[in-house]
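# An overview of the molecular structure
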Amino acid sequence: MDNTSLNLAALAVQDIHKKLKDEVLIDISLVLPGLQAALIVAETRDEPGERALTFLENVDPEIVEVAFADQKDTDDDDSDDNTANAKAGFRPNKSQIFVDQLLDEGLELIRDSQRVAYARYEGKIYPLEQRAGMDLITSLALDAKAGVDPGFLRSVVNALSALARFTTEESHDVYKRYAPLEDGVAVDIGDETNEIIHITATGVEIKPRDADIFINRPLISLPMARPVFDPRLKVDDLHEFFNVKDGSDLRLILSWAVAAMYPVGPYPILGLIGQAGSAKSEMAKKLNRLIDPSNPEVRTDPKDSWSMIVGTQNKSILIFDNMSQISDQMSDLLCVMATGGGYAVRALYSTNDEYFFDAQLPVAMTSIAAVSERPDLLSRSIQIYVPRLEPSEYKTEEYLDSKFKEMQPGIMALLFRALQEMIRNSDSIDTTGFENRMMDFTKRIGAMAPVLGWTPEEAMQAYLNNVDSADELILENHILADPLVNYLNQAPTPWEGSMTELKHAVEAHINHVSWIVGHPDWPKGVRQFRGQVGYLMPSISRVHGYIWEHGDALRSNKKRLHRFYRPDDFAKNDESDGGDISSQTIERGPRGA
C-alpha cells in the first residue's frame, strides 16, 4: 500500500473516531495485510460509515469479504451491543473483544510527539512496538485465558498501537530512567515499588510516581541502588574503583556521571583510554551501575550507525567497551548525541522510508588508543588516560564488586547531592574566561564542584585543560602539523599567500624529505592540503596561538589569499578584512596558549 493510501487511512481513522458515538474496531491486519494500523468504523450506515466501507472495498473486495466472514464466527450469545453489530454487519472478532476488555480494565494508551505508541498498565509504561509491549499483552492474555496464538497477539498489539498513534489527542515525551520536571529530575528506581527519586534544588526525596511522569522501563533495565547518605564517604575513597592518575581525573569522571543523570544535554563523550590491564572496562561497568543499571552493562564496538541508534531506544546512556576505530559517519552520529541535532538513516526493509534520530544521549567508550582525531568530536569529549596497574595492585573482581555494592548507596547519595547542587547553582556560575564549545556542561561542572571537593574555577579549568590535551593529541598524530607549525614559526608575520604557495613553502622548509612528503598521509594536491590545514587549524590556534584568515575579502589580482599570524606579533589594521562579512576567521580560544 503506498504512502498516499496510508495517509488516507489515517485520516479516515481520525475522522470517523471524532464524529461517531458508537464505534467498533475492525482488525485491519485481516483486511489489509501489511498495514500496521487499525481502522475504526461505525455500527450504523451513516455517511462516515459508508465512506469507511467504500474505502475498504475499493482496496480489495475479496479480502474484505473474507474478513467479515471471519467476524461472523463470533459466539451468537454475545451482548446486545454485539447483536446490534451483527445486524449492521460488523461482528467484533476475538482480538477486538480483547482490546476492548484491556481498555475497560485500565490499560492506558500513550503516544509521543513522533507517534511512537506506548501502553501504561499499573503505573508502568511499555513501548507497544518493542518486545516489552508484546510481553505485556502476552501476560495479560494468559491472565484472561484469551490464548497466546501469535497471530492473535500480533493483531491485538497492532490494534492498540494504531489506537495510540491515531486516536490519542495529546502527546507526551517518554523518557528512560531520568525525566525532567519543572522543579528538577525524576529518577526511576526500577524495582517493583514503581517509586521514583525526586531531585530538586532543595533536596532528594523517594516518593510514588505521579501519573504525569512518563518513564519507559526497557527490558534490559535493572533496579538501581537507593541512595543512603554516608558521612564517612569521601570522593577520594572511589580511587579504589576508578584507576586514574590523580584526583582531577577522578572528579572529571564523576562530574560526567552526574551530568549524565540530568535528562537534558549537552553531554561530552567520555573516553577511557589505557593499555590492557588498566581496568578501564571495570570502570565503565561501575559507571553503568551508578547511572543506568542494565544487563548487559557495556556494549561491543557498534558495527554501523543503525546498531548505535537501536541502542538508544533501551538506555539512557550508552557505554561501548574496547572500541577499535570510529568511522567518519559514526563520529558524526556521536557529535549529534553529544550536542543534539537531526540524523537520518534508511529504515530497515524499506527502500523509500527513513528513520529520523533526534536525541541527546551520554556516551562513554573504552579503548587502548584514541579512536578518533576529528576535531569536531574531540572538542565534545573528555579524554581520560588510564595508567596500567602494577601486578601488586591487582584485586579480584569478586572483591571489588562486593566492596562496590556495599558502598554504592553512599555513592548514589553523593552523586545525587551533586546533581541537586547543579540544579540549584547552574544559573549563578560565571564562565567568563572558560568559554568553549560545551558551555552548558562547563556551567554544570562548575555548579556541582563543591560537592565533589573542588571549587567551580578548579573544575572548569580542569575540563578546559582536558580539551586542550585533545588538541595536542590531534597535532601529535598528524603528519602535517609539525611541518606547518615549524614553518609558520620562522616565516614573516603575517604570512600571506595562496594555498599553493603555502604548500610549496612548507615542503621546501623540510627540504622535501622523502619519508615525509612521500608518506601516504601527506597531502598530494592543493585541495587535499587545504582540507588538512582546515582540519588542523582549530587545534593549532588553541595550542600555538595562530589565527587563519581567508575569504573573498582577502584577494590580490583575483587570487584568493590566506593570512596566518599571532595577535601578539601582528597588529591587524582596520582595513584587513575589507569590511566584507564573507571573510572567515578561525580565532584562538580565550584560555591562553
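Keep in mind the model is a prediction, meaning the values are calculated, not measured. Within each chain, residues carry numbers counting from 1 in the order of the written sequence. In view of the model being predicted, local features appear only for residues whose pLDDT reaches at least 70, and side-chain atom pairs are presented and counted only at 80 or more, with totals across whole chains, interfaces and linings using the full set of residues. Excluded from the side-chain calculation are hydrogens and water; included are all heavy atoms of the structure.

A few words on helix α8 (residues 150-167). Here a strand is any run of E in DSSP of at least two residues, a helix any run of H or I of at least four, and the numbering for each starts at the N terminus. One fewer than the residue count of a helix, multiplied by 1.5 Å, yields its expected span. With 18 residues, α8 should cover 26 Å at 1.5 Å per step; its first-to-last C-alpha distance of 25 Å lies within 8% of that length. For α8, a buried count of 14 out of 18 residues is recorded, marking the element as mostly surrounded by other parts of the structure. The opening residue of α8, the one whose side-chain oxygen lies 3.1 Å from the backbone nitrogen of G151, is D149. The cut-offs for exposure are 20% and 50% of the maximum accessible area for each residue type, with area from a 1.4 Å probe on protein chains only; residues under the lower value are buried, those over the upper are exposed, and the others partly exposed. We call two N or O atoms a polar contact when they sit within 3.5 Å, provided that within protein one can donate a hydrogen and the other can accept it, with sequence-adjacent residues counted only if both atoms are side-chain atoms.

Another point: the sheet that holds strand β17 (residues 381-385). Strands in a sheet are paired, the pairing made by backbone hydrogen bonds, and the direction either parallel or antiparallel. Strands pair, by our definition, only if DSSP identifies at least two bridges between them. Strand order in the open sheet made by the 4 strands is β13-β16-β12-β17, with parallel pairing throughout. A single partner strand is all that each edge strand has here, and the edge strands are β13 (318-320) and β17. Each strand axis lies, on average, 15 degrees off the axis of its neighbour in the sheet, ignoring direction. Of the strands in this sheet, β12 (269-273), β13 and β16 (363-367) are in contact with helix α12 (residues 328-339), which crosses β16 at around 135 degrees. Lines fitted to C-alpha atoms define the axes here, with helix axes fitted over just the stretch in contact, and angles between the N-to-C directions of these axes take values from 0 to 180 degrees. The contact rule is simple, with two residues in contact once any of their heavy atoms fall within 4.5 Å.

Below, the discussion takes up the pairing of β16. Among the 5 residues in β16, 5 count as buried, and that is most of the element. Alternating positions in β16 separate into two faces, V363, M365 and S367 on one and A364 and T366 on the other, with burial throughout. One ladder, built from 3 bridges, connects β13 with β16; its direction is parallel. Its bridge partner being in β16, L318 is matched across the sheet by V363.

When a strand is regular, its side chains alternate between the sheet's two faces. Within β17, 4 of the 5 residues are buried, leaving the element largely enclosed by the surrounding structure. Bridge analysis of β12 against β17 gives 5 bridges, and the strand direction is parallel. Each bridged residue has a counterpart across the sheet, and for I269 the counterpart in β17 is S381.

A few words now on the packing of aromatic side chains. Ring pairs shown here join Phe, Tyr and Trp side chains whose ring centres sit within 6.5 Å, with only the six-membered ring taken for Trp; geometry is labelled stacked below 30 degrees between planes, edge-to-face above 60, and tilted in between. Under the criterion given, the structure shown has 5 aromatic pairs. Ring plane angle 45 degrees and centroid distance 5.7 Å describe the contact between F98 and F152, whose orientation is recorded as tilted. One end of the pair, F98, is in helix α6 (residues 94-104); the other, F152, is in helix α8, and 54 residues separate them in sequence. Both residues of the pair, F98 and F152, count as buried. An aromatic cluster of three or more residues is present, and its members are W495, W548 and F564. Positioned above the aromatic ring of F152, the side-chain terminus of K94 is 4.8 Å from the ring centre. Geometrically, a charge over a ring is one whose NZ (Lys) or CZ (Arg) sits within 6 Å of the ring centre while staying within 35 degrees of the ring normal. Geometry around F404 places K286 over its ring, the cationic atom sitting 5.7 Å from the centre.

Turning to the packing of helix α7 (residues 131-143) against α8, a few remarks are in order. Put simply, α7 and α8 touch, their axes get as near as 10 Å, and they point 120 degrees apart. Comparing the axis directions of α7 and α8 gives the class oblique. Considering the relative orientation of α7 and α8, their crossing is right-handed. For the pair α7 and α8, the contacting residues are M134, I137, T138 and A141 in the first and F152, L153, R154, V156, V157 and L160 in the second. For this scheme, ten residues count as nonpolar: Ala, Val, Leu, Ile, Met, Phe, Trp, Tyr, Cys and Pro. Four count as charged, namely Asp, Glu, Lys and Arg, and the remainder, Gly too, count as polar. Residues belonging to the contact of α7 with α8 are distributed by class as follows: 8 nonpolar, 1 polar and 1 charged. Note on terminology: angles under 35 degrees are roughly parallel, angles over 145 are roughly antiparallel, angles of 65 to 115 are roughly perpendicular, and the others are oblique. The crossing is said to be left-handed when, going from far helix to near helix, the turn is anticlockwise and less than a right angle, and right-handed when the turn is clockwise.

This part covers the packing of helix α14 (residues 397-425) against helix α15 (residues 439-448). Two elements in contact, α14 and α15, have axes whose closest approach is 7 Å; the angle formed by their N-to-C orientations is 115 degrees. Read as a crossing pair, α14 and α15 show a hand that is right-handed. Two secondary-structure elements touch here, α14 through A418, E421, M422 and N425 and α15 through R444, A447 and M448. Considered class by class, the residues forming the contact of α14 with α15 number 4 nonpolar, 1 polar and 2 charged.

What follows concerns empty space enclosed by the protein. Buriedness for pockets is judged along seven lines, at least five of which must meet protein on both sides within 12 Å for an open set on the 1 Å grid over protein atoms alone, while cavities are sets there where a 1.4 Å probe fits but cannot get out, and lining residues have an atom within 4 Å of a point. Grid points are joined across faces, edges and corners, and a volume is the space filled by probe spheres set on the points. Within this structure, the stated rule accounts for 4 cavities of 30 Å³ or more. By volume, the largest cavity is sized at about 100 Å³. Taken together, 14 residues line the largest cavity, and the ones lying closest to its centre are G271, I326, M365, V371 and Q383. It is β12 that contributes the most residues to the lining of the largest cavity, 4 residues altogether. Classifying every residue of the lining of the largest cavity by side-chain character gives 9 nonpolar, 5 polar and no charged.

Looking now at the sheet that holds strand β10 (residues 203-208). Spatial ordering of the open sheet is given by β7-β8-β9-β10, a layout of 4 strands whose pairing is antiparallel. With partners counted over all chains shown, the strands left at the sheet margins are β7 (178-181) and β10, one partner each. Mean inter-strand twist for the sheet, computed between neighbouring axes without regard to direction, equals 25 degrees. Here 6 bridges tie strand β9 (residues 195-200) to β10, and the two strands are oriented antiparallel to one another. Bridge pairing in β10 links H198 to E205. Packed onto the sheet, α14 meets β8 (184-188), β9 and β10 and runs at close to 45 degrees relative to β9.

Here we take up the nonpolar core. Here the nonpolar core consists of buried residues drawn from Ala, Val, Leu, Ile, Met, Phe, Trp, Tyr and Cys, with membership extended through side-chain atoms lying within 4.5 Å. In this structure, L238, F242, I291 and Y463 are the most contacted members of the largest nonpolar core, which totals 66 residues. Considering each element in turn, this core owes the most residues, 11 residues, to α14. Counting 28 residues, the second-largest nonpolar core is a separate cluster that includes I479, V485, I516 and V533.

These results come straight from atomic positions and should not be treated as a statement about function.
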